[in-house]
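Here is how the chains run, residue by residue.
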Amino acid sequence: MRVVLPLDDATADLATVGGKGASLARLTRAGLPVPGGFHITTGAYRAFVAGFREEILRAAADDPDRIASLFAAHDLPGDLAAEIRAAYEALGDDVPVAVRSSATAEDLPDMSFAGQQDTYLNIRGDALLDAVRRCWASLWNPRAIAYRDQNGVPHEDVALAVVVQELVDADAAGIMFTADPVTGARDRTVVNASWGLGEAVVGGQVTPDTTVVSGGAVVESHTSDKTVMTVRTGTGTEERPVPGDLRTRPVLGDSEAVELAGLGARIQDLYGAPMDVEWARRDGAFAIVQARPITGLKPPLEEWNDSLKGDYLWTGGNLGEAIPDVMTPITWSFVRLFINEAMYASTLPGFDLVGNIGGRFYMNLSVTYTIARALGMQSRLGAVEQVFGRLPEGLEVPLARVSRWEIIKGVLPMAVHLRRRVRTNIKGMSAFLATSQRRCEELRERIAATGSGPELAGLWEAEVRPHLVTSCRMLEAAGRQGGTTLVLTRDRLRKMMGDVDAEAMLTGVNTDGELASMGPVMGLSRLARGEITREEFARAYGHRGPHEFEVSIPRPGEDPAWIDAQLAGLRDMRSDTEALLARQRAAREEAWARFARRYPRKEAAMRARVQRWNAVVRDRESTRSENMRAFWVLRAFTVRAGELTGLGDEVFYLHLPELLALLRGDRSALEKVPARRATYERYASLPPYPALIVGHFDPVRWAADPGRRADIFDARGAGVPVSDTVTGFPGAPGVVEGIARVISGPEDGDRLRPGEILVTTLTNVGWTPMFPRAAAVVTDMGAPLSHASIVARELGIPAVVGTGNATMRLRDGDRIRVDGERGTVELLTAQDSAKSAAAESGV
């Protein structure tokens, strides 16, 4: 057993010399200005207490106050005492020293144990051994015992080393934080300074000066009235009043504060973490007497908030329903690339058509309304509602501040180019849809086979990115090919035949070819009947799911448990998918028969028009599906990047250019990962934000407001009144009464029992397997052309979408009536009332 170690000894680790000792050894080896000294090891402590250790443990539980007398009653063994004296004498003749405790559970990243054990200053000669023994005893003082209990540290596991260092007869001392301990800002070094030794600052007996250094310069400075200082005496230390001429004089000059911050930066680089550093100054020279990680420091955070760009109206409808999650940075990079290629209008200079608000995807409706007004197309804004949802009555849409001429100058050339691009891409759509699945499988195989970062980056540039761009442009072409067909055909039929027959006549999209939105539920039915294998299901439909844009989340095709859960849900369906489609087919043919009797000369033309409607819907849904298959390739690319670099899920917190640079050897962006992970986790912990946002929006402050609304946030304060009724778009006709099942996410889908009414914020293709179990569907977000409407119509399930407030007004277990023709939801019996009635009747 080694009793004493030199201060810079390479074996001086946590177990041997405690947290403080290990830190000082590390600082000394790194060449930092640390006062000389030596360690008394934990082995020496254990040898000293070996004869009365059990008595110490019993006293810790029953009577901690008597432990000090236990230590005082035992002398240090002769051999231990001799080695300690020899190490002390090697420092010089009667050198004053600081005797500091150093516990094995101390100065850790998440627990500092600062101040729990004792320190003795200005110790000389024979007093050293007594100071060492009192340090050892302080491991068992009541506050140290309580701190260990609070932090779950077993008493049996701790031991105490002692650091003996030459005492710096400081004229000034203090504490330095290499990150702001209040705000968590990593670009600010905060220096506290006072006169004399550092004990008055550490113990809180004096209010020190505070200087903040950032970017190599002092940016803030506050000089306090320093009343007390700790000084050396002949027998130890004592507190004395600060001389009058020093009380309000700054302790440090700016150049000294910057010099100290430079030492702090070296220490932070050494540890790789923000540090709490104790320092002392003597005759203009600085010494470092202790350094520990700052505990309880707020994680650094970024702000992802495009609502701060201006006073705009943002909507989470339409594409926001397909991207319902808080996005990781890499997903946001891919989504921006997707938007640039699939929505050419987003490249219009001077406009922010899409945004990231608290990590969630939003579209800027102010841009749409501004362009429509500039081009005299206000009458066409009704089509916007069918895509994005209805705006609350009385909501004034803020317009972008741009001149009409600037809009015309930008929009007209873009429109001409877009028309040409769409026309070109439509010609290649059939071939793309026929080959996309196999091409994506090949790309995933190629990605898995890459053996290095540069090879994977090269594959991205040469093959992955081009395929993604193609899939995005095909989606754009499919959405544009019908022009206003989707909107005008539906409106015309409703005027000619009424809502119920019109919606029935527009179904059958699945008849002439599979509707991609129906693919997963149809595929599951075939899998359940044994018509396809699990592998065939995963290949065909494994890319579709509730989180299909978010590349950090596994696809259903990667998750056998997801498939098992959906198959289990099929067993609970009130009727199978094929039966629902057959019922809707009969309703469709009856509606067409009524149309033929009423308009015999218009039937053929209308059937052709509806067939075009169906073809447009199918192409739009098919290209969207293949685009999501491309996003599965993006996930494979990102996961492989994590494997090749050895960074695992850290790569999800990089932006695409940073990830490509990493693959080529540039790791500089990795320092941003902790901040981004913390930012992502903070936003992901919040409830989903409002469907509509006007102006500057703070997600954290909104979430903390007990009166927050899920339908709209208006920073202008001109609040749209909360509706007492639940109304929305007629998504699919029919009237149903039943129990409301309010579900926050598809992962809770097993709570939906057959015949209940699904009430939720939004749906996307990942919710489709639930629909056959539902008697009706009600959503906060959505429009007639949204996923919930299209699938509900095909299955003949009544739906009311885009209510804005269904999840605010309806409770789990309420009995409600859904009228999908009128777009209304009526509360028949509240859950609380039903329970009360049951209790009164003795049920």
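Residues numbered from 1 in each chain as written. Predicted model: local features only at pLDDT ≥ 70, side-chain atom pairs only at ≥ 80, totals over all residues. Heavy atoms only, no water.

1. Description of the overall build of the protein
Now for step 1: Within the protein one finds 30 helices and 26 strands.
Now for step 2: By principal-axis analysis of the C-alpha atoms, the protein measures approximately 120 × 70 × 55 Å.
Now for step 3: The buried share of the protein, reckoned over its 843 residues, is 55%.
Now for step 4: Long-range pairs, those at least 24 residues apart, make up 68% of the contacts in the protein with a sequence separation of at least 6. (Helix = DSSP H or I, 4+ residues; strand = E, 2+ residues; numbered from the N terminus. Buried < 20%, exposed > 50% of the residue type's maximum accessible area, 1.4 Å probe, protein only. Contact = heavy atoms within 4.5 Å.)

2. Focus on the pattern of salt bridges
Now for step 1: Here the structure, examined in full by the defined rule, presents 58 salt bridges.
Now for step 2: Asp306 serves as the salt-bridge partner of Lys309, at 3.5 Å between the closest nitrogen and oxygen.
Now for step 3: The class of Asp306 is buried, set by a relative accessible area of 15%.
Now for step 4: The residue Arg620 makes a salt bridge to Glu621 at a minimum N-O spacing of 3.7 Å.
Now for step 5: Residue Arg620 is classed as buried on the basis of its relative accessible area of 12%.
Now for step 6: Taken together, the salt bridges that share partners define one network made up of Arg438, Arg439, Glu441, Glu442, Glu445, Arg446, Glu463 and Arg539. (Salt bridge = Lys/Arg side-chain N within 4 Å of Asp/Glu carboxyl O.)

3. What to know about the packing of aromatic side chains
Now for step 1: Under the counting rule described, the total for this entry stands at 21 aromatic pairs.
Now for step 2: Taken together, a centroid distance of 5.9 Å and an interplanar angle of 40° make the contact between Phe334 and Trp460 tilted. Placement of the pair is Phe334 in helix H12 (residues 329–342) and Trp460 in helix H17 (residues 453–480), with a sequence separation of 126 residues. For the pair Phe334 and Trp460, one class covers both residues: buried.
Now for step 3: Taking 5.3 Å as the distance between ring centres and 65° as the angle between the ring planes, the aromatic pair formed by Phe338 and Phe549 counts as edge-to-face. Of the two residues, Phe338 sits in helix H12 while Phe549 sits in the loop between helix H21 (534–541) and helix H22 (560–570), which places them 211 residues apart along the sequence. By the burial criterion, Phe338 is buried, and Phe549 matches it. (Phe/Tyr/Trp six-rings, centres within 6.5 Å; stacked < 30°, edge-to-face > 60°.)

4. Thoughts on the environment of Gly272
Now for step 1: With respect to the element layout, Gly272 can be found in the loop between helix H10 (254–271) and strand E12 (275–282).
Now for step 2: Taking the C-alpha atoms as reference points, Gly272 and Pro293, 21 residues apart in sequence, are found 9.4 Å from one another.

5. Some remarks on helix H6 (residues 127–138)
Now for step 1: For H6, which comprises 12 residues, the first-to-last C-alpha distance of 17 Å matches the rise-based estimate of 16 Å (1.5 Å per residue) to within 8%.
Now for step 2: For H6, the tally of buried residues reaches 9 of 12 residues, placing the bulk of the element in the interior.
Now for step 3: Among the residues of H6, those classed as buried are Leu128, Leu129, Ala131, Val132, Arg133, Cys135, Trp136, Ala137 and Ser138. (Expected span 1.5 Å × (residues − 1).)

6. Focus: the sheet that holds strand E1 (residues 4–6)
Now for step 1: Judged by pairing direction, the sheet is antiparallel, and its 5 strands sit side by side in the order E1-E2-E5-E3-E4 without closing on themselves. Two strands bound the open sheet, and with one partner strand each, they are E1 and strand E4 (119–123). Here the average twist between neighbouring strands, direction ignored, is 25°.
Now for step 2: Bridge analysis of strand E2 (residues 37–40) against strand E5 (residues 160–166) gives 4 bridges, and the strand direction is antiparallel. Paired with Phe38 across the bridge in E5 is Val164.
Now for step 3: Seen against the sheet, helix H1 (residues 14–29) touches E1, E2, strand E3 (97–103) and E5 and runs at an angle of roughly 125° to E3. (Pairing = 2+ DSSP bridges. Axes fitted to C-alpha atoms, helices over the stretch in contact; angles between N-to-C directions.)

7. Quick notes on H17
Now for step 1: A rise of 1.5 Å per residue sets the reference length of H17, with its 28 residues, at 40 Å; its end C-alpha atoms lie 38 Å apart and thus fit the reference within 8%.
Now for step 2: Of all the bends in H17, the largest measures some 50° and sits at Trp460.
Now for step 3: Near the N-terminus of H17, the side chain that reaches the backbone nitrogen of Glu455, with its oxygen 3.2 Å away, is that of Ser452. (Bend = angle between axes of the 7 residues up to and from the residue. Polar contact = N/O pair within 3.5 Å; in protein donor to acceptor, adjacent residues only side chain to side chain.)

Read these as layout, nothing more, since geometry by itself doesn't imply function.
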